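Each chain is listed here by its residues.
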Amino acid sequence: MKFSIKHMDPVKRRDACVVAGVFEAGGLTEAARALDEASGGYLSAILRSGDMSGKTGSTVVLHDVPGTSCKRVLLAGLGKEERAVEGKVYRDAVGAVFKALQETGTTEAALFLTTVPIGNRDAAWKVSQAAIIAAESTYRFDRLKTQQDATPTRLREVVLAAASRAEVAESRQALQQGLATAEGISLARDLGNLAPNICTPTYLAEQAKAIARNHRLKAAVVDEKAMEKLGMGALLAVARGSRQPAKLIVLEYWGGTKKQKPVVLVGKGVTFDTGGISLKPAAEMDEMKYDMCGAASVLGTLAAIARIKLPLNVVCIIPTTENMPGGNATKPGDVVTSLSGQTIEILNTDAEGRLILCDALTYAERYDPAVVIDVATLTGACVIALGHVASGLLSNDEELATELLQASTQAADPAWRLPLWDDYQEQLKSNFADVANIGGRAGGTITAACFLSRFTRKYRWAHLDIAGTAWKSGKEKGATGRPVPLLTRFLIDRAGEDRP
Ligand code: BES
Ligand code: MN
Ligand code: ZN
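### Some thoughts on the coordination of the manganese ion (ligand 2)
And step 1. Within the protein, the manganese ion (ligand 2) binds to D273 (OD), D350 (O), D350 (OD) and E352 (OE); these donor distances fall in the range 2.1 to 2.2 Å.
And step 2. Taken together, the 6 donor atoms surrounding the manganese ion (ligand 2) define angles of 70 to 168 degrees at the centre, an arrangement classified as irregular.
And step 3. Donor residues for the manganese ion (ligand 2) sit on one chain with the sequence pattern D-x76-D-x1-E.
And step 4. The distance between the manganese ion (ligand 2) and the zinc ion (ligand 3) is 3.1 Å, with D273 acting as a donor to both metals. Remark: E352 occurs in the loop between β13 (343-346) and α10 (353-364) and D273 occurs in strand β10 (residues 269-273); sequence separation between them is 79 residues.
And step 5. We classify E352 as buried; its relative accessible area is 0%.

Right, here's the structure in full:
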């Protein structure tokens, strides 16, 4: 889909479809009013007839509206006019518009929702969100089907309206950022949705190398032999039960200055989590193919920032393995030595994410990082705590946590902070090793982060638990690509600041 921004008149557009917003109870946005006047009240008559409620998310397609030059007018509901249009209303309306556009034969559309004033969001935000939502709502994953079940969208070109000429210039960069974010999201979704017999650790490593080739990044893959030499006993303990060899993928993007310390992103890449010897129940176990969504999201983020050539240094570290039971698998009670030298009593082999992450987090030290952020589908407890709305955020650094929360709000990719107090560390006491890999049922997301915090003492660090947000279950089962929007926004904001 091609996107552009223009300052334009809805009445004169000759596009296949002009999209304008309307409110409940017959209110019109500026673009809708212009069309209404040109058509001698055609739009208001439609609204009076009750065929269009104006409720958020509602749409109606009108053909050959008199007095206009376009083929169709798509009216999009923005809810009640009395209260200011909020970001969420805008996002829902844009999503509904792209759903509706796909059900028409429209090849090109001119979107005027971007000129609707929105409380505390600027034009740049509206433009980048539109690009992201367009890609999200037209996303399909049917490459594993022999026959595509839905007709592909015919929409090829989208022109976003700017309220003024000056706004066109201001929004251009935002459009590029939005399109790059959208590409990163879609990459993360594809990797997540792929079947786990295809998306193995080796496949992930190959994909990472391909991304590196496309975007001129440095790529390296550490294999099991090298891991052994390094002393990555925790990561290797998880890999033992699998026939698929584990990998540690490292991608480096050096877009900043030489002396600038890199941001390190670490992503959990368990391509399938059976639980190992602490086997999971059968119900919905297929969804554990999504246990590599942390890895997918850091790859998507890296691809996004490389595409816009962000002036920042970013390194991506992905420990990837399957978690399988087997004759050689790690057993509850096994004690292993991590790369950090700390010994770990593995009391539950299903708490494997923290085991592969801890070695990757120690490995991150060699980059002398500015900050380290790990992203992981780490705990079922996070789904209980925050549901499927917010990702869990835990950090050993106030400033970093604030920065991430701000990026999260800005990107409309919610995250919520949980405490990382020392009081919780006690739950990880082991009688036989330095630390146990589980801390009991109480505060499961926090104790998991507490475990990780023992390996991140040398730098500023934040952890994102995306167990509830990385994918959807049920009829709409599929990867969401989160938290690519949050991470990309975070890095863009950081690149915009002058930091040592
Ligand atoms: N990948 C799972 C976490 C998970 C479960 C994410 C369900 C999304 C949905 C993780 O490896 C895991 O199994 N965690 C255990 C930890 C427990 C054994 C301490 C969990 O959450 O049950
Ligand atoms: Mn597990
Ligand atoms: Zn897992």
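### Focus on unusual backbone geometry
And step 1. The residue after R482, namely P483, is reached through a cis peptide bond having omega 5 degrees.
And step 2. The backbone of A25 sits at a positive phi, close to 65 degrees, despite the residue not being glycine.
And step 3. Checked against the element boundaries, A25 lands in the loop between β2 (17-22) and α1 (30-38).
And step 4. One non-glycine residue, E284, lies in the positive phi region at around 60 degrees.
And step 5. With respect to the helices and strands, E284 occurs in the loop between β10 and α9 (293-307).

### Points about the domain arrangement of the chain
And step 1. What the domain assignment reports for the chain is domain 1 (2-164) and domain 2 (183-494).
And step 2. Each of domain 1 and domain 2 has a C-alpha centre, and these two points are 38 Å apart.
And step 3. Listed as interface residues are 10 residues of domain 1 and, on the opposing side, 14 residues of domain 2.
And step 4. The junction of domain 1 with domain 2 conceals about 1000 Å² of combined surface from both sides, 52% of it contributed by carbon and sulfur atoms.
And step 5. Run the count over domain 1 and domain 2 and you get 1 salt bridge.
And step 6. With its nearest N and O atoms 3.0 Å apart, the salt bridge here joins D190 to R143.

### Details of the packing of helix α3 (residues 87-102) against helix α4 (residues 123-138)
And step 1. Remark: α3 packs on α4, axes separated minimally by 9 Å, with the N-to-C direction vectors making an angle of 45 degrees. Here α4 runs oblique to α3, going by the angle between their axes. The hand of the α3/α4 crossing is right-handed. Facing α3, whose interface residues are G87, Y90, R91, V94, G95, F98 and Q102, α4 presents W125, K126, V127, Q129, A130, I133, A134, S137 and T138.
And step 2. When its residues are assigned to classes, the contact of α3 with α4 shows 8 nonpolar, 6 polar and 2 charged.

### Side note on the layout of surface pockets
And step 1. Approximately 1800 Å³ is the volume attributed to the largest pocket.
And step 2. Around the largest pocket, the lining is made up of 50 residues, and of these E136, R189, K472, E476 and T480 lie nearest the centre.
And step 3. The element that contributes the greatest number of residues to the lining of the largest pocket is α3, accounting for 8 residues.
And step 4. If you count residues domain by domain, the lining of the largest pocket takes at least three from each of domain 1 (2-164) and domain 2 (183-494).
And step 5. Computed from the structure, the second largest pocket encloses a volume of approximately 950 Å³.
And step 6. Here the lining of the second largest pocket gets 4 residues from one element, more than from any other, and that element is helix α11 (residues 380-386).

### Re the coordination of the zinc ion (ligand 3)
And step 1. Coordination of the zinc ion (ligand 3) by the protein comes from K268 (NZ), D273 (OD), D291 (OD) and E352 (OE), over a distance range of 2.0 to 2.4 Å.
And step 2. What the 6 donor atoms of the zinc ion (ligand 3) show is an angle range of 79 to 176 degrees at the metal, which sorts the shape as octahedral.
And step 3. Along the chain, the residues donating to the zinc ion (ligand 3) fall in the pattern K-x4-D-x17-D-x60-E.

### Here we look at the nonpolar core
And step 1. Counting 58 residues, the largest nonpolar core has I373, L464, F490 and L491 as the members making the most contacts within it.
And step 2. With 9 residues, α9 is the largest single contributor of residues to this core.
And step 3. In contact with I373, not counting residues within four places along its chain, are V264, L265, V266, L404, A462, L464, L487 and F490.
And step 4. Membership of the second largest hydrophobic core comes to 46 residues, among which are L235, V266, L361 and L452.

### With respect to the pattern of salt bridges
And step 1. Throughout the structure, instances matching the rule amount to 23 salt bridges.
And step 2. Measuring nitrogen to oxygen at the nearest pair gives 3.9 Å for the salt bridge that ties E24 to K80. Of the two residues, E24 sits in the loop between β2 and α1 while K80 sits in the loop between β4 (72-77) and α3, which places them 56 residues apart along the sequence.
And step 3. Residue K80 is classed as partly exposed on the basis of its relative accessible area of 40%.
And step 4. When salt bridges that share partners are traced, they join K268, D291 and E352 into one network.

### Side note on helix α12 (residues 398-410)
Every α-helix winds through 3.6 residues per turn, so residues three or four apart in the chain are directed the same way.
And step 1. For α12, which comprises 13 residues, the first-to-last C-alpha distance of 18 Å matches the rise-based estimate of 18 Å (1.5 Å per residue) to within 8%.
And step 2. Within the span of α12, buried status applies to L400, A401, E403, L404, A407 and S408. Taken down its axis, α12 places every buried residue within 160 degrees of arc, on the same side. Of the exposed residues in α12, the ones pointing more than 90 degrees away from its buried face are E398, E399, Q406 and T409.

### What to know about the site of ligand 1
And step 1. Not every one of the 16 residues close to ligand 1 is listed here, only the nearest: K280, D291, D350, E352 and G380.
And step 2. Here K268 contributes a side-chain N or O atom positioned 3.2 Å from an oxygen atom of ligand 1.
And step 3. The backbone of L378 places a nitrogen or oxygen atom 3.4 Å from a nitrogen atom of ligand 1.
And step 4. For ligand 1, the accessible surface in isolation is 510 Å², of which the surrounding protein chains cover 77%.
And step 5. Of the pockets mapped on this structure, ligand 1 occupies the second largest pocket.
And step 6. For the shell around ligand 1, the per-class residue count stands at 5 nonpolar, 4 polar and 7 charged.

Quick notes on the rules
Residues numbered from 1 in each chain as written. Chains lettered and ligands numbered in written order. Predicted model: local features only at pLDDT ≥ 70, side-chain atom pairs only at ≥ 80, totals over all residues. Heavy atoms only, no water. Donors = N, O, S within 2.8 Å, 3.2 Å for Na, K, Ca; no water. Tetrahedral: all angles 85-135°; square planar, octahedral: opposite > 155°, others 65-115°. Helix = DSSP H or I, 4+ residues; strand = E, 2+ residues; numbered from the N terminus. Buried < 20%, exposed > 50% of the residue type's maximum accessible area, 1.4 Å probe, protein only. Domains from an automatic or database assignment. Contact = heavy atoms within 4.5 Å. Buried area = accessible area lost by both parts, 1.4 Å probe. Salt bridge = Lys/Arg side-chain N within 4 Å of Asp/Glu carboxyl O. Axes fitted to C-alpha atoms, helices over the stretch in contact; angles between N-to-C directions. Parallel < 35°, antiparallel > 145°, perpendicular 65-115°, else oblique. Left-handed = near helix turned anticlockwise from the far one by under 90°. Nonpolar A, V, L, I, M, F, W, Y, C, P; charged D, E, K, R; others polar. 1 Å grid on protein atoms, 1.4 Å probe; cavity = no way out; pocket = protein on both sides within 12 Å on 5 of 7 lines; lining within 4 Å. Points joined across faces, edges and corners; volume = space filled by probe spheres on them. Core = buried A, V, L, I, M, F, W, Y, C linked by side-chain atoms within 4.5 Å. Expected span 1.5 Å × (residues − 1). Arc of directions from axis to C-beta. Near = heavy atom within 4 Å. Polar contact = N/O pair within 3.5 Å; in protein donor to acceptor, adjacent residues only side chain to side chain. Areas by Shrake-Rupley, 256 points an atom, 1.4 Å probe, with all protein chains shown as cover. Sits in = over half its atoms within 2 Å of the grid points.

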